[in-house]
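# Examination of the molecular architecture
Single-letter residue listing:
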Amino acid sequence: MNKTELNQNKQLPSKKERHKLFGSVEPGPRTKPMEKDQMADLQNSKKDFLFDIDMVGISSVKHPIRIPSTMTPEIQTTIGTFSFGSSIAQGSKGTNMSRFTEQLDKYHNEGFAVDIATLKQFTEELAGRLKQTDAEVEVTFPWFFERKGPYSGLAGMNHADATIRVEYDKETGHDVTVTLTGKITTLCPCSKEISEYSAHNQRGNVTMSVKLTDDFKEQEIDWKAALLEAAESNASARIHPVLKRPDEKMVTEQAYENPRFVEDIVRLVAADLYEYSFVEAFTVKCRNEESIHLHDAVATLSYDKKQEAE
Ligand SMILES: Nc1nc2c(ncn2[C@@H]2O[C@H](COP(=O)(O)OP(=O)(O)OP(=O)(O)O)[C@@H](O)[C@H]2O)c(=O)[nH]1
């Protein structure tokens, strides 16, 4: 049916009348000031409010961002989910929440590229804007990378979830923690050992949280690619978007040749992270979505190289 054939004979009241019909009323008398400088400023009242607050801020802020990548595609725009915060002292009632998104918009207008150097600058500036001595920002985003079939070379797009967390303190400077969750294939060593043929396998989720060394330079190392490699190179097999039969045969056989428990994965990934010179401390988690159970298999391992040095 085209527009001219539509039946639009119903006589509707005006939009204002319709709103009245559904309960809208005339505005009441306005007694409170409209000018900002005459408004009460509860957030900035000073009294003894009983306790310091470790962190107050906003979370679940979605925003378009640009991220750097050494893997194809090298330039990508994605969606970041941010949280921002700072501490406040016992003598202050509250923070000024509008300043978080105000600063986000300022960076957006300047072409916000979400890299570690920019986020360090962001947190320091945020602390100043809030008139606090500390601030933190965390952003999580899907990072995309091209993956080719091992035989056919046919490409498609995979992704991993990445998080950057920057904490700034005027006294101690910046602390940066990055997290990546990559997906892998694991084939059960027990099943392979005990069965006449075949072995069950599963999709593993490897989450690596890494505290970066103070001298880390993102121009020299793409931490996302390095963490992905730590997860995938220790898996039974990598995960691919496009597999033709010769690719599928290779991936299947490779998995059979490299069986892994969740315990094997966290220890092998830990060994790679231990060898990365830009890693100060780390936690590795593996969660296997079991194909012969409804439950998952999980393992976690943490290590701090600084403690070893002490
Ligand atoms: N502190 C605080 N603010 C809240 C809370 N819930 C909402 N708000 C925010 O209060 C904000 C407005 O307060 P401010 O940011 O202090 O606004 P302002 O005082 O006009 O801003 P400045 O000129 O920067 O001081 C709005 O952005 C609301 O989102 C809350 O639980 N605590």
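Residue indices begin from 1 for each chain and proceed along its sequence in written order. For a predicted model such as this one, the threshold for reporting local features is a pLDDT of at least 70, and the threshold for listing and counting side-chain atom pairs is 80 or more; totals across whole chains, interfaces and linings nevertheless cover every residue. Each side-chain value is derived from all of the structure's non-hydrogen atoms; neither hydrogens nor water enter the calculation.

Taking an unreviewed UniProt entry as the reference, the chain is identified by name as GTP cyclohydrolase FolE2 belonging to Halobacillus trueperi. UniProt positions are given in the numbering used here, feature names are shortened, and annotations may be inferred rather than shown by experiment. Per UniProt, the comment on the chain under Catalytic activity (unreviewed entry) is "GTP + H2O = 7,8-dihydroneopterin 3'-triphosphate + formate + H(+)". Comment text from UniProt for the chain, heading Sequence similarities (unreviewed entry), reads "Belongs to the GTP cyclohydrolase IV family."

Here we take up the site of the ligand. Lys36, Gln43, Thr95, Asn96, Met97, Ser98 and Arg99 make up every residue found near the ligand. Asn96 places a polar side-chain atom, nitrogen or oxygen, 2.5 Å from an oxygen atom of the ligand. Here a polar contact is recorded for every N or O atom pair within 3.5 Å, except that within protein the pair must consist of a potential hydrogen donor and a potential acceptor, and residues adjacent in sequence are included only if both atoms are side-chain atoms. Met97 places a main-chain nitrogen or oxygen 3.3 Å from an oxygen atom of the ligand. All accessible areas in this document rest on Shrake-Rupley with a 1.4 Å probe, and a residue is counted as covered only by the protein chains that are shown. Here the ligand has 660 Å² of accessible area as a free molecule, and 52% of this is covered by the chains. Here the term charged refers only to Asp, Glu, Lys and Arg, the term nonpolar to Ala, Val, Leu, Ile, Met, Phe, Trp, Tyr, Cys and Pro, and the term polar to all other amino acids, Gly among them. Class assignment of the residues belonging to the shell around the ligand gives a composition of one nonpolar, four polar and two charged. Nearness of a residue to a molecule or strand requires only that one of the residue's heavy atoms be within 4 Å of it.

Here we come to the packing of aromatic side chains. Pairing of aromatic side chains requires ring centres within 6.5 Å, counting the rings of Phe and Tyr and the six-membered ring of Trp. Pairs whose planes differ by under 30 degrees are stacked, by over 60 edge-to-face, and all others tilted. Scanning all chains against the criterion turns up 12 aromatic pairs. Between Phe82 and Phe112, the aromatic rings sit 6.0 Å apart at their centres with planes inclined by 25 degrees, giving stacked as the arrangement. Placement of the pair is Phe82 in strand β2 (residues 75-88) and Phe112 in the loop between α2 (98-109) and α3 (116-130), with a sequence separation of 30 residues. Phe112 shares its class with Phe82; the two are buried. Ring centres of Phe282 and Tyr303 lie 5.9 Å apart, and the angle between their planes is 25 degrees; on these two criteria the pair is classed as stacked. One end of the pair, Phe282, is in strand β7 (residues 279-289); the other, Tyr303, is in strand β8 (residues 296-304), and 21 residues separate them in sequence. Buried means the residue's accessible area, taken with a 1.4 Å probe over protein chains only, is under 20% of the maximum for its type, while exposed means over 50%, and partly exposed covers the values in between. Residue Phe282 is classed as buried on the basis of its relative accessible area of 4%. A relative accessible area of 31% means that Tyr303 is categorised as partly exposed. Grouping aromatic residues by their ring pairs yields a cluster made of Phe82, Phe84, Phe100, Tyr107, Phe112 and Phe122. The criterion is that NZ of a Lys, or CZ of an Arg, lies within 6 Å of the ring centre and within 35 degrees of the ring normal, and then a charge sits over that ring. Note that Lys192 overlies the ring of Tyr256, its terminal NZ or CZ placed 4.5 Å from the centroid. One cation-aromatic arrangement involves Lys305 over Tyr274; the distance from NZ or CZ to the ring centre is 5.8 Å. A run of H or I in DSSP counts as a helix once it spans at least four residues, and a run of E counts as a strand once it spans at least two, with each numbered from the N terminus.

Interaxial distance between helix α5 (residues 223-232) and helix α7 (residues 262-275) falls to 8 Å at its minimum, and their mutual angle equals 145 degrees. α5 and α7 meet at a crossing whose hand is right-handed. The segment α5 lies against α7, with Leu227, Ala230 and Ala231 engaging Val269, Asp272 and Leu273. Under this scheme, a helix contributes an axis fitted over its contacting stretch, all axes are lines through C-alpha atoms, and angles between N-to-C directions fall in the 0 to 180 degree range. Crossings are sorted by hand: turned counterclockwise from the far helix by less than a right angle, the near helix makes the crossing left-handed, and turned clockwise it makes it right-handed. In what follows, residue pairs with any heavy atoms lying within 4.5 Å of each other are defined as contacts.

A word on the sheet that holds strand β1 (residues 53-68). Pairing between strands is defined by DSSP: at least two bridges between the two strands are required. Read from one edge of the open sheet, eight strands run β1-β2-β3-β4-β5-β6-β7-β8, paired in antiparallel fashion. What marks the edges here is a single partner per strand, and that holds for β1 and β8. Taken pair by pair, the neighbouring strands of this sheet meet at an average axis angle of 15 degrees, ignoring direction. As paired strands, β7 and β8 are joined by nine bridges and run antiparallel to one another. What sits directly across from Thr283, in β8, is Ser302.

Bringing α7 into the picture now. Expected helix span is taken as 1.5 Å per residue step, with the number of steps being one fewer than the number of residues. With 14 residues, α7 extends 20 Å between its outermost C-alpha atoms, agreeing within 8% with the 20 Å of an ideal straight helix rising 1.5 Å per residue. Restricting attention to buried positions, one finds in α7 the residues Val262, Ile265, Val266, Val269, Ala270, Asp272 and Leu273. Looking down the long axis of α7, one finds its buried residues gathered within 165 degrees of arc, a one-sided arrangement. Across from the buried face of α7, at angles greater than 90 degrees, the exposed residues are Arg267 and Glu275. Among the structural elements, β5 (173-187), β6 (201-212), α5, β7, β8 and α8 (305-309) are those in contact with the buried residues of α7. This arc is taken over the directions from the axis of the helix to the C-beta atoms.

Let us look at the pairing of β6. With 11 bridges connecting them, β5 and β6 associate as antiparallel partners. Bridge pairing links Leu187 to Asn201 in β6. Here β6 runs beside β7; their pairing, made up of 10 bridges, is antiparallel. In the strand pairing of β7, Arg203 is matched with Glu289.

Attention now moves to α5. At 3.6 residues per turn, the α-helix brings residues three or four places apart onto the same side. For α5, the tally of buried residues reaches nine of 10 residues, placing the bulk of the element in the interior. Along α5, the residues that are buried comprise Trp223, Lys224, Ala225, Ala226, Leu227, Leu228, Ala230, Ala231 and Glu232.

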